[in-house]
Amino acid sequence: MKKKKLFAIINPISGIRPKDNIPDQLREYLNHDLFNIEIEFTQYAGHATELASNAVAKGYDYVLAIGGDGTINETAKALIHSDTALGIIPLGSGNGLARHLQIPMETSKAIAIINEQNVISIDYCKANDNIFFCTAGIGFDAWISKKFSEDKHRGGIVYIKNVLTEYLNYAPREYTIDTTQGRLNEKAFLIACANASQYGNNAFIAPGASMQDGQMDITILHPFNHLEAPQLAIQLFTRQITKNGKIETFKDNKISIHLNKEEVMHLDGEPKMLGKDITIQTVPNGLKILTPLNPSTSIIEPIQHAIEEIQYNIISDIKEVVKKTDQTIKKIKGEFE
């Protein structure tokens with residue numbers, strides 16, 4: 001049997017977990033009777049797209065994106081409308097697409113999914129020709145993505161910290177939305193356009209979303225008071241958000257959002273400025289992707305992942321303190337020499 005060609009792209013700075021051991025794990029857990037593998041680490045923003053484009057041109061069967069939703073976005077947009085399928089080893093902060101597809105967070109189990117070679121086709125979306133696969137949004141979630149991108153730490157705990165810090169000072173905006181059914185004028189805390197069901201970390205902004213129905217799930221969160229915030233948070237993480245009275249939802253394959261002034265938007269968690277008029281649409285069946293043959297979810301995995309994040313952030317802080325202390329000692333020594 002002819003072996004499949006597989007190219008693995010590792011983002012060394014995504015998420016919080018170290019990536020140095022990933023090549024060894026790939027060599028250990030991949031079925032080498034099935035694959036010939038090449039591995040490369042990204043070196044700069046946009047490098048994953050370049051590497052994935054080269055892999056498509058060379059006729060690779062699969063390209064693995066090893067990192068978070070940003071890495072997946074960079075990789076996958078080079079694979080759309082090609083015969084090369086995307087594989088995901090989730091090592092990011094939120095891992096929204098992987099969680100939606102029920103790809104395990106444990107690396108060895110995610111690699112086992114690659115060995116199954118179960119390929120399906122999914123939709124992707126565009127916002128003013130900027131491609132996204134999971135979610136895009138404007139309003140509070142986009143503002144948080146900007147703050148999160150500026151934070152030196154990563155992980156879901158840091159994301160929650162930013163939410164709690166920024167929430168009290170954020171003011172809802174006025175938006176005009178053109179849909180295929182007509183025009184809406186809305187005052188909103190956020191507007192989310194979801195191809196997948198969640199932002200990441202099991203925060204389900206569109207629990208009913210499908211990546212194979214040719215439509216987005218649009219969620220409008222209207223202004224709410226501080227007393228209503230805890231209920232919204234609980235419903236977000238328990239797949240009940242659409243039952244909240246402050247939520248308006250509908251499906252569409254194309255909408256346009258018009259702003260009074262330009263503001264930040266996020267695409268798969270990455271903040272971008274796209275102007276005052278933004279058209280968002282679905283492209284059906286545009287990406288081939290490897291998914292589990294028998295998907296399953298773990299109740300304790302999110303708790304384990306949160307504990308890991310706390311541990312890694314503590315270690316990161318200690319390393320930073322040691323580094324600064326070492327620099328200070330060297331500076332003092334230099335002054336006495």
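Calculation rules
Residues numbered from 1 in each chain as written. Predicted model: local features only at pLDDT ≥ 70, side-chain atom pairs only at ≥ 80, totals over all residues. Heavy atoms only, no water. Buried < 20%, exposed > 50% of the residue type's maximum accessible area, 1.4 Å probe, protein only. Helix = DSSP H or I, 4+ residues; strand = E, 2+ residues; numbered from the N terminus. Arc of directions from axis to C-beta. Salt bridge = Lys/Arg side-chain N within 4 Å of Asp/Glu carboxyl O. Contact = heavy atoms within 4.5 Å. Pairing = 2+ DSSP bridges. Axes fitted to C-alpha atoms, helices over the stretch in contact; angles between N-to-C directions. Parallel < 35°, antiparallel > 145°, perpendicular 65-115°, else oblique. Left-handed = near helix turned anticlockwise from the far one by under 90°. Nonpolar A, V, L, I, M, F, W, Y, C, P; charged D, E, K, R; others polar. Core = buried A, V, L, I, M, F, W, Y, C linked by side-chain atoms within 4.5 Å.

1. Regarding helix H8 (residues 229–237)
Here's step 1: All of the buried residues in H8 are Ala229, Leu232, Gln235 and Leu236. Down the axis of H8, the buried set is contained in an arc of 125 degrees. They therefore lie on one face.
Here's step 2: Positioned one or two residues after H8, Arg239 has a phi angle of 65 degrees, which is positive.

2. A few points about unusual backbone geometry
Here's step 1: We note that Gln102 has phi near 60 degrees; this positive angle belongs to a residue other than glycine.
Here's step 2: With respect to the element layout, Gln102 can be found in the loop between helix H4 (96–100) and helix H5 (107–116).
Here's step 3: The exposure class assigned to Gln102 is partly exposed, which follows from its relative accessible area of 29%.

3. Some details on the pattern of salt bridges
Here's step 1: Inspection of the entire model under this criterion finds 6 salt bridges.
Here's step 2: Among the salt bridges present, the one from Asp24 reaches Arg27, with a minimum N-O distance of 3.5 Å. Of this pair, Asp24 and Arg27 both sit in helix H1 (residues 22–29), 3 residues apart, which is roughly one turn of that helix.
Here's step 3: By relative accessible area, Asp24 is classed as exposed at 51%.
Here's step 4: The partly exposed category is assigned to Arg27, whose relative accessible area is 48%.
Here's step 5: The partner of Lys251 in a salt bridge is Asp217, and the shortest N-O contact between them spans 2.6 Å. With Lys251 in strand E12 (residues 247–252) and Asp217 in strand E11 (residues 216–221), this pair connects stretches of sequence that are 34 residues apart.
Here's step 6: Given a relative accessible area of 38%, Lys251 falls into the partly exposed group.

4. Overview of the environment of Met1
Here's step 1: With respect to the element layout, Met1 can be found in the segment before strand E1 (4–10).
Here's step 2: Measuring from C-alpha to C-alpha, the distance between Met1 and Leu34 comes to 8.1 Å, with 33 residues separating the pair along the chain.
Here's step 3: Excluding anything up to four places from it in sequence, Met1 contacts Asp33 and Leu34.

5. A short note on the pairing of strand E13 (residues 254–259)
Here's step 1: Looking at chain direction, strand E8 (residues 173–179) and E13 are connected through 4 bridges and run antiparallel. Note on E13: the bridge partner recorded for Tyr175 is Leu259.
Here's step 2: Relative to strand E16 (residues 277–290), E13 runs antiparallel, the two sharing 5 bridges. By the bridge assignment, Lys254 is partnered in E16 with Gln281.

6. Regarding the packing of H1 against H5
Here's step 1: At a minimum axis distance of 10 Å, the contact between H1 and H5 shows a crossing angle of 50 degrees. Between H1 and H5, the interaxial angle falls into the category oblique. In the packing of H1 onto H5, the handedness of the crossing is right-handed. For the pair H1 and H5, the contacting residues are Ile22, Gln25, Leu26 and Tyr29 in the first and Thr107, Ser108, Ile111 and Asn115 in the second.
Here's step 2: The residue makeup of the contact of H1 with H5, split by class, is 4 nonpolar, 4 polar and no charged.

7. Regarding the sheet that holds strand E7 (residues 135–139)
Here's step 1: If you walk across this open sheet you meet the 6 strands as E12-E11-E10-E7-E14-E15, and the pairing is antiparallel. Only two strands of the sheet have a single partner each, and these edge strands are E12 and strand E15 (270–273). Adjacent strand axes in the sheet meet at a mean angle of 20 degrees when their direction is disregarded.
Here's step 2: Pairing of strand E14 (residues 264–267) with E15, which is carried by 4 bridges, proceeds in the antiparallel orientation. Of the residues in E15, the one forming a bridge with Met265 is Lys272.

8. Some remarks on the nonpolar core
Here's step 1: Counting 49 residues, the largest nonpolar core has Ile66, Leu86 and Ile88 as the members making the most contacts within it.
Here's step 2: Among the nonpolar cores identified, the runner-up in size contains 42 residues, and Tyr167, Tyr175, Met265 and Leu267 belong to it.

9. A short note on H1
Three or four residues apart is the spacing at which side chains of an α-helix point the same way, because the helix has 3.6 residues per turn.
Here's step 1: Residues of H1 that are buried: Ile22, Pro23, Gln25 and Leu26. Angular distribution of buried residues about the axis of H1 spans 160 degrees; they occupy a single face of the element. Turned more than 90 degrees from where H1 packs its buried face, Asp24 and Glu28 sit exposed.
Here's step 2: Looking at the buried positions of H1, the neighbouring elements they touch are E1, strand E2 (35–41), strand E3 (62–67) and H5.

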